[in-house]
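Given next are the chains, with one letter for each unit.
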Amino acid sequence: MLEPWLMRFGRRVAVLESTAGRGVVFGYDSEYLASELPAPLSISLPLRDGEYSQAQARPFFSGLLPDDDLRRRIADDLHVSEAGVLGAPTRIRVARALTPI
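Residues numbered from 1 in each chain as written. Predicted model: local features only at pLDDT ≥ 70, side-chain atom pairs only at ≥ 80, totals over all residues. Heavy atoms only, no water.

> Go over the pattern of salt bridges, please, and point to the residues and values.
Pairs can form between side chains of opposite charge whenever their charged atoms are close. Evaluated as defined, the whole model comprises two salt bridges. A salt bridge links D29 to R12, with the nearest nitrogen and oxygen atoms 3.2 Å apart. With D29 in the loop between β3 (23-28) and α1 (30-34) and R12 in strand β2 (residues 11-19), the pair connects residues that are 17 residues apart, well separated along the chain. With relative accessibility at 14%, the residue D29 sits in the buried group. When the shortest N-O distance is used, the salt bridge between E51 and R22 registers 2.5 Å. Residue E51 is located in strand β4 (residues 51-52), and its partner R22 is located in the loop between β2 and β3; the two are separated by 29 residues in the primary sequence. Residue E51 is classed as partly exposed on the basis of its relative accessible area of 41%. Judged by relative accessible area, which is 47%, R22 ranks as partly exposed. (Salt bridge = Lys/Arg side-chain N within 4 Å of Asp/Glu carboxyl O. Helix = DSSP H or I, 4+ residues; strand = E, 2+ residues; numbered from the N terminus. Buried < 20%, exposed > 50% of the residue type's maximum accessible area, 1.4 Å probe, protein only.)

Right, here's the structure in full:
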């Protein structure tokens, strides 16, 4: 099973996972926060200790996913609702979108 970690430049940066009762939550890895020159994944998710709620994290991560028909096809392939696609980010490798071009 894939872990719900987000990687950047080969380094564990954060965890994005679906939880029972709290939905999808996001938090930066403590070692990453303590590292030299950590950078936030987004200005909407500034570096901080602790979790970001689903309401705080969802807009950024939803924006990484394709819209309309392709999102529906991904949901069908994963056997989840379109809203549930974000709950399975490691299966569709959302972290790949975090690597700069």
